[in-house]
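# Coordinates in review
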Amino acid sequence: MNPSQSFPSKLGGAVLVTTMACLGLWTQEAFAQIGSPFPSLLPQTSPQNAPSILPPESEYTLGPGDRLRVDVLQVEGLSGEYQVLVDGTVGFPLIGTVRVAGLTIPELNQILVSQYAKYIRRPLVTAILTVPRPLSITLSGEVNSPGAYALAIEGGQKFPTLTQVIQQAGGLTPVSDISRVQLRRQKGNQQENYSINLWELLQEGNSRQNVTLRDGDIVIIPSKTATDPREVRQLADANFGIRFEQEINVAVIGEIFRPGSYKLSPAIRASSITQVSADNTNQNAASTRSNVENTQPVRLTQAIQEAGGIKSQADIRNVEVRRENRNGDFELIVVNLWELLDEGNLDKDVILQNGDVITVPQAKELSPDEFEATATANFSPRSITVNVVGEVRRGGAIQLQPNSTLNQAILAAGSFDPIRADKASVDLIRLNPDGTVTKLNIAPDFSLNISSDRNPTLRNNDVVLVNTSGLTQATDTLRELFSPIGALLGGGIPSLINILN
């Protein structure tokens, strides 16, 4: 490509079709008749297909910092290299200072020819852009690192694209709305506004949405009023989408064991990439490079795990994630984690961002089936503590797997004391969330599986009391009564009590 003819407008009649589509002046039937290559520009109900107004392609305009090569063929001494000064001017020999800021290369050629024509008959002048200046682009809104960016033009031939600039800004945030990206461009004394829908790039391959940017452009990524987990997952896969390299800080409160603030790092998973040799003499040559690190986002269940897991009375159907967007607005995301357990809906395991506040509320009531399912979930505690006391061989606090039963707790405590235990009477004592205490008298049966009546599942901090048998209680009473007399009589009565035991 000739640099003096860089970036010509190539839209032609397509600009008219696109503009009329955006303005809603063309119907579906009209597009069908003309075979429009831009059906995605038709108005749709989905926000992902919002109409876009794209900026027209334009040639490169000169500005401070550009470096030029100007050749005047008739007079060798007039040729040379020049740099555009901060005031947008260049001083040329013979004709003096010329303001070039805002001019295209062809326009500069015309001005130089007209100026040198005052001194040279039919001058042959050629101006070439040798080193373009870095472009100043401003990004704001839902990107990880908003601000001003200076971007070099690759080889002087290609403007940076919108997605390249988003990548430079560290990618998008989970609440970014890429269906309404705003582009503001200064043209002369006026500011032109454009709307870009990057969903068309991701879902339909419409590369026209990936517009090229110009010096001084301002790009604004707006916030969504409601986060869609499915869209977040798609943006996480895009090369300009959500990035997960940074550690985030979240707060977890409510029905969890260790409420507080937590710093969470993205998970790193190793993968392998097969590299095929380009050597034509060995078409089958390939090498595998392993341990390529891919970061995975921090999700809701990871934060709950870090906070010790949910308590037995947690309402996992109404977990709340409170999030502050870049514009200062707050969004409340209500998550039903039961759908994750019951249906395997991965979208319910919400991707978190820095500053999220997670609240796990208390359930008003909890069915036994739901409790059993949540007790073994990965966001439940890895173990529970049950106190087994009374007539067992190894009483005390015992660590059990979640969803363990009464029978398992007794066996973990060494089972019943064969002489003293009342094997037909066990008390289960439970402290309720409202501060009340529930006491159940249970006749255990080791032949039963999980049963709500005789072999219930246990909860954290439950107390299992194995009672003393009636005969043992009677002999203990006799021993206490006759111990002083037995000491006087030489131990005859205590020996008799021992025989009864």
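Whatever comes next refers back to the structure up there.
Just so it is clear, the model here is predicted, and its values are computed rather than measured. (Residues numbered from 1 in each chain as written. Predicted model: local features only at pLDDT ≥ 70, side-chain atom pairs only at ≥ 80, totals over all residues. Heavy atoms only, no water.)

Along the polypeptide, asparagine 325 turns up in the loop between strand E15 (319-324) and strand E16 (330-335). Separated by 184 residues in sequence, asparagine 325 and glycine 141 place their C-alpha atoms 8.9 Å apart. Leave out the neighbours within four places in its chain, and asparagine 325 touches Glu142, Val175, Ser223, Lys224 and Glu331. (Helix = DSSP H or I, 4+ residues; strand = E, 2+ residues; numbered from the N terminus. Contact = heavy atoms within 4.5 Å.)

Turning our eyes to something else, we now look at helix H3 (residues 105-116). Helix length check: H3, at 12 residues, gives a terminal C-alpha distance of 16 Å against a target of 16 Å (1.5 Å per residue), a fit within 8%. The complete set of buried residues in H3 reads Ile105, Leu108, Asn109, Leu112 and Tyr116. The arc enclosing the buried residues of H3, seen along the axis, measures out at 105°, which places them on a common side. Elements in contact with the buried residues of H3: strand E1 (67-72), strand E3 (89-92) and strand E5 (125-131). (Expected span 1.5 Å × (residues − 1). Buried < 20%, exposed > 50% of the residue type's maximum accessible area, 1.4 Å probe, protein only. Arc of directions from axis to C-beta.)

The method is simple in principle: a probe with the dimensions of a water molecule rolls over the atoms, and the space it marks as empty is what remains. Evaluation of the coordinates by the stated rule reveals three cavities of 30 Å³ or more. Estimated volume of the largest cavity: approximately 90 Å³. For the largest cavity, the lining is made up of 13 residues, of which Pro229, Val232, Asp347, Val350 and Ile351 are closest to its centre. In terms of residue class, the lining of the largest cavity is built from seven nonpolar, one polar and five charged. (1 Å grid on protein atoms, 1.4 Å probe; cavity = no way out; pocket = protein on both sides within 12 Å on 5 of 7 lines; lining within 4 Å. Points joined across faces, edges and corners; volume = space filled by probe spheres on them. Nonpolar A, V, L, I, M, F, W, Y, C, P; charged D, E, K, R; others polar.)

Turning our eyes to something else, we now look at the packing of aromatic side chains. Counted by the stated rule, this structure contains three aromatic pairs. Note on tyrosine 82 and phenylalanine 92: the rings are 5.0 Å apart at their centroids and 65° apart in plane angle, and the pair reads as edge-to-face. Linking tyrosine 82 in strand E2 (residues 80-83) with phenylalanine 92 in strand E3, this pair joins segments that are 10 residues apart in sequence. Overall, the relative accessible area of 12% leaves tyrosine 82 in the buried class. The ring of phenylalanine 330 has arginine 322 sitting right over it, with the charged end atom 4.0 Å from the ring centre. (Phe/Tyr/Trp six-rings, centres within 6.5 Å; stacked < 30°, edge-to-face > 60°. Lys NZ or Arg CZ within 6 Å of the ring centre and 35° of its normal.)

What follows deals with the nonpolar core. Counting 56 residues, the largest nonpolar core has Phe92, Leu112, Tyr116, Leu172 and Leu198 as its most contacted members. Counting residues per element, this core draws most heavily on H3, which supplies four residues. Membership of the second largest hydrophobic core comes to 27 residues, among which are Val252, Ile256, Leu264 and Leu300. (Core = buried A, V, L, I, M, F, W, Y, C linked by side-chain atoms within 4.5 Å.)

A few words on the side chain of threonine 173. In this structure, threonine 173 sits in the loop between helix H4 (162-168) and strand E8 (181-187). Taking the relative accessible area as the measure of exposure, threonine 173 reaches 4% and is therefore buried. Filtering out sequence-adjacent residues up to four positions away, threonine 173 remains in contact with Glu142, Val143, Asn144, Ile242, Arg326 and Gln353.

A few words on the pairing of strand E4 (residues 96-99). Taken together, the four bridges between E3 and E4 define a ladder with antiparallel strand orientation. Each residue of the ladder has a partner; that of glycine 91, found in E4, is threonine 97. Hairpin connection between E3 and E4: a loop of three residues separates the two successive antiparallel strands, and leucine 94 in this loop has a positive phi of roughly 80°. (Pairing = 2+ DSSP bridges.)

Turning our eyes to something else, we now look at the pattern of salt bridges. A full pass over the atoms with the stated rule returns 15 salt bridges. We note a salt bridge from arginine 69 to aspartate 71, for which the minimum N-O separation is 3.0 Å. With a relative accessible area of 29%, arginine 69 lands in the partly exposed category. A single network of salt bridges, built from pairs that share partners, joins Asp66, Arg133 and Asp215. (Salt bridge = Lys/Arg side-chain N within 4 Å of Asp/Glu carboxyl O.)

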